[in-house]
Amino acid sequence: MRSADGVAGLVLPIEAYRLDGEQRVTLNRARSILVEDCMRRFGIDRGHPAATGGAGPEPMSRRYGVTDPAVAARWGYHLAPGEGTIARTEPGAAVPPAEMLVWTGSEDGRPALAGQPTRTYQGREVPAGGCAGEAGRKLQLTSPEDIAEHLVTSIDFNAFDQARADNRMRQVFGRWSACMHEQGFNYVDPLTAAAAADLRPATPSSAEKRTATADVACKTRNNVVGVWFSVESAYQTAMIQAHAQDLRAAQQRIAVVVRNAQAVLDHLGG
C-alpha cells in the first residue's frame, strides 16, 4: 500500500482518459473564440463568457475528505477560498432571449429538440445549437464535455464505491474511527464526519475546525489516504482493463479535440 499524508501528487488511473487541466484550458479558450466569432457574424459583440472556463477544480482535493491540516484548522470542512470552484461555461441569465437564440439555438438556452424548424436572427439562419453548437462541431465535440464521459464517470463512481466498501478500507476506517473516539468524536469513517458538518454558515464554527483537525490527524496516523488511494486505484485499473478498447478510443478522441482546439488558437493567435 502506498503511504500518503495528503492528496498532493496523487492521480487516479481513470484521469488518463479525461481532459487534463491544461487541455481543458486549451479547449475552453478555442471554443470561446469560435463562439464569439460566430456571434459577430450576427452583429453581436458583447464579450460573452461563452466558454471561458478554466482548468476546473483539482479532482483529488476533497475526494477523501479534508486532508490538509492547515485547511482543516482554518476552514474545517468548508471549502477554502478558490478551492473546488470552476469558472462558468454556460450562458448567463442576463443575456437577452434574441441573443441567447444565436448563442445556443434557443431563447432560453435549452437544447433544441430534434426536428424543430431552423431558427433565424435578423433574417439569417442560426446554426443548429447556435454558435455554441457550431463551435462544438468544428472542434469535433458532439457536446461540450463529450469525451466518452459516461463510461469514465461510471468507472470513477463505481470504483470509489467499491473501494469504500472494501474490507481493507473497513479495517483502516476502524482504526481511524478509534483514533477519533480517543479525541471525543464518534464517526464510522471520514466521509461521515464531513457529511455531519453544517456548511450553511459562511465560516466554520470552532467545533467544526476541531473535528476536521482531528480528522486529518487520524488520517495521517493511520495512512488512510495512502490505503484508500491504493485500493481505489486497483479497482479502477481492473475496470479500465475490462473496457480497454472503448477507453483507447476515448484517448484518441481527446487527442483529436485538443489538436483541433490548438489549431484554432494557433490560427487566430489565441
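Scroll up for the structure.
These lines cover the structure that appears in this document, whether it is placed above or below. None of these values were measured; they are calculated from a predicted model. (Residues numbered from 1 in each chain as written. Predicted model: local features only at pLDDT ≥ 70, side-chain atom pairs only at ≥ 80, totals over all residues. Heavy atoms only, no water.)

Position of Arg-18 relative to the elements: it lies in the segment before α1 (21–41). Side-chain polar atoms of Arg-18 contact the side chain of Glu-15, separated by 2.8 Å. Side-chain polar atoms of Arg-18 contact the side chain of Asp-156, separated by 3.0 Å. (Helix = DSSP H or I, 4+ residues; strand = E, 2+ residues; numbered from the N terminus. Polar contact = N/O pair within 3.5 Å; in protein donor to acceptor, adjacent residues only side chain to side chain.)

Another point: the state of the cysteines. On inspection of all chains with the given rule, the structure shows 2 disulfides. Here Cys-38 connects covalently by a disulfide to Cys-131, the sulfurs 2.1 Å from one another. Given an S-S torsion of about -70 degrees, the disulfide between Cys-38 and Cys-131 has left-handed geometry. Placement of Cys-38 in helix α1 and of Cys-131 in helix α4 (residues 130–138) is noted, with a sequence separation of 93 residues between them. For the pair formed by Cys-38 and Cys-131, the shared burial category is buried. The residue that forms a disulfide with Cys-179 is Cys-218, at a sulfur-sulfur distance of 2.0 Å. In this structure, the disulfide formed by Cys-179 and Cys-218 twists by about -80 degrees around the S-S bond and is classed as left-handed. Taken together, the residues Cys-179 in helix α6 (residues 167–182) and Cys-218 in helix α8 (residues 206–221) connect sequence positions 39 residues apart. Per residue, the accessibility class of Cys-179 equals that of Cys-218, and both read buried. Among the cysteines of the protein chain that take part in disulfides, numbered as they appear in the sequence, the pairing is 1-2, 3-4. (Disulfide = S-S within 2.5 Å. Buried < 20%, exposed > 50% of the residue type's maximum accessible area, 1.4 Å probe, protein only.)

Core analysis: the biggest nonpolar cluster contains 34 residues, and Leu-10, Met-60, Tyr-64, Val-66, Met-169 and Trp-228 have the highest contact counts within it. Counting residues per element, the ones that place at least two in this core are α2 (69–75), α5 (149–165), α6, α7 (190–196), α8 and α9 (224–242). The contacts of Tyr-64, once residues within four sequence positions are left out, are Val-7, Leu-12, Phe-160, Pro-190, Leu-191, Lys-219, Val-225, Trp-228, Phe-229 and Glu-232. One finds Leu-19, Phe-42, Ile-44 and Ala-261 within the second-largest nonpolar core, a separate group that totals 25 residues. (Core = buried A, V, L, I, M, F, W, Y, C linked by side-chain atoms within 4.5 Å. Contact = heavy atoms within 4.5 Å.)

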